[in-house]
Amino acid sequence: MLLTKPIFSAGFLLEHELGVEAHIGRPLPDELIPLVRGVHLPYSGLNLAAIDLERRNFSLAAVKKALTEGAEFPVDRMVIHTIGIESENGIRVGDYELLIKSFRELAEFAERFRIILCIENQVLRQNTRRFGDNAPEWLALPEDIGRENVMLTLDSSHASSSAAIYDDHEERIRKLNEFLIRPELIGRVHWSDARLKNQEALYNDMHMVPGSGDLPLEFHRAISRLNAVKLLEQKCTEAEMIEGVKFIRSLQ
């Protein structure tokens, strides 16, 4: 199934056999509620890895509240960022073990609603270091958390930002493909294109329509084969979305 952000009309979505992903805490037009097939939990201002206990407890409570709200939709899994900030401007503010502890608590809470948490890989940034902004660390999360209802969300735009740091283009492609070495762990996809050849994706969350960037065709084909609901996470026109859908369906 293909989803979009809730920025198109219900008529357009129905015509092109598309659903939407609701982002808890953001407005959702009433006409799109019946088309919700995905849920994204909030992350802004939160840190599940926070050394500051008050901030970490606040973050846990906010995610639990959103998860409870999201459980009203007909979904069996929800997208969640790592919401784990290790450092800001060189100052350490988070700890990996605290992040794992937080996710174990959230996974136990999500079990009440029979929800699988799918943890999204993060954008590589210059001044803020977030856990899960590279393939090895992101792929290790389900095993480190050790709960059956924890999987992963692949965001191809975020993955591109991580791979773009390497000087050699072939190395960038190798690093990009590392995000796909454990396909059985990937339970959701945020599908975008990017530009890696000129390193434009470095520290840049490009979120281009699939087929409009320069990510390898085989990378897109590998995404199409993943057994997961896929979100086209772009702010674009209807015409651009139609082209993206055509590109994706041509990969079948």
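Note that the coordinates shown come from a computational prediction; the quantities given were computed from them, not determined experimentally. Per chain, the residues get numbers from 1 upward, laid out in the order the sequence is written. Owing to the predicted nature of the model, reporting of local features is limited to residues with pLDDT of at least 70; listing and counting of side-chain atom pairs is limited to 80 or more, with chain, interface and lining totals taken over all residues. Side-chain numbers here rest on the full set of heavy atoms in the structure, without hydrogens or water.

Side note on the overall build of the chain
Each helix is a run of H or I in the DSSP string that is no shorter than four residues. Each strand is a run of E no shorter than two, and both are numbered from the N terminus. When its secondary structure is counted, the chain shows eight helices and 11 strands. Only C-alpha atoms enter the radius of gyration; for comparison, a globular chain is expected to reach 2.2 Å times N to the power 0.38, where N is the number of residues. Whereas a compact globule of 252 residues would reach a radius of gyration of roughly 18 Å, the chain reaches 17 Å, a difference of no more than 12%. Counting only residues that meet the buried cut, the chain has 55% of its 252 residues in that class. Long-range pairs, those at least 24 residues apart, make up 69% of the contacts in the chain with a sequence separation of at least 6. Accessible area is worked out with a 1.4 Å probe on protein chains only. A residue is then buried under 20% of its type maximum, exposed over 50%, and partly exposed in between. For this analysis, residues touch if any pair of their heavy atoms sits within 4.5 Å.

Considering the packing of aromatic side chains
A pair of aromatic rings is counted whenever rings of Phe, Tyr or Trp (Trp by its six-membered ring) have centres within 6.5 Å, and the orientation is called stacked for planes under 30 degrees apart, edge-to-face for over 60 and tilted otherwise. Per the counting criterion, the structure on display carries four aromatic pairs. A centroid spacing of 5.5 Å and a plane angle of 65° characterise the contact between Tyr96 and Phe131, whose relative ring orientation is edge-to-face. Taken together, the positions of Tyr96 in helix α3 (residues 96-111) and Phe131 in the loop between β8 (128-130) and α4 (135-145) put the pair 35 residues apart, joining distant regions of the chain. Of the residues examined, Phe131 reaches a relative accessible area of 3% and is grouped as buried. Between Trp138 and Phe179, the ring centres sit 5.7 Å apart and the planes meet at 40°, which makes this aromatic pair tilted. Taken together, the residues span a long stretch of sequence, with Trp138 in helix α4 and Phe179 in the loop between α6 (169-177) and β10 (186-191) at a distance of 41 residues.

Considering helix α8 (residues 238-250)
Note on helix geometry: an α-helix contains 3.6 residues per turn, so any two residues three or four positions apart are oriented the same way. In this analysis, the expected span of each helix is defined as 1.5 Å times one less than the number of residues it contains. Relative to the 18 Å expected for 13 residues at 1.5 Å per residue, α8 spans 18 Å between its end C-alpha atoms, a close match to the ideal helical length. Listed in full, the buried residues belonging to α8 are Met241, Gly244, Val245, Phe247 and Ile248. The arc that holds the buried residues of α8, viewed along the axis, is 160°, so those residues lie on one side. Among the exposed residues of α8, those pointing more than 90 degrees away from its buried face are Ala239, Lys246 and Ser250. Comment: arc refers to directions from the helix axis out to C-beta atoms.

Here's the deal with the environment of Arg112
Along the chain, Arg112 turns up in the loop between α3 and β7 (116-120). What makes Arg112 exposed here is its relative accessible area of 65%. In the structure, Arg112 is positioned 14 residues away from Leu98 in sequence and 22 Å away in space, judged by C-alpha atoms.

Quick look at the packing of helix α5 (residues 156-163) against α6
Helix axes use the C-alpha atoms of the stretch in contact, all axes being lines fitted to C-alpha atoms, and the angles between their N-to-C directions lie in the range 0 to 180 degrees. Look at α5 against α6: their axes get within 9 Å of each other, and the N-to-C directions meet at 140°. Relative to α6, α5 is oriented oblique. Where α5 crosses over α6, the two elements pack in a sense that is right-handed. On α6, the residues touching Ala159, Ser160 and Ala163 of α5 are Arg172, Lys175 and Leu176. Under the scheme applied, nonpolar residues are Ala, Val, Leu, Ile, Met, Phe, Trp, Tyr, Cys and Pro; charged residues are Asp, Glu, Lys and Arg; polar residues are all the others, including Gly. Of the residues contributing to the contact of α5 with α6, the split by class is three nonpolar, one polar and two charged. Roughly parallel refers to an angle under 35 degrees, roughly antiparallel to one over 145, roughly perpendicular to one between 65 and 115, and oblique to any angle outside these ranges. Note on convention: near helix rotated counterclockwise from far helix by under a right angle means a left-handed crossing. Clockwise means right-handed.

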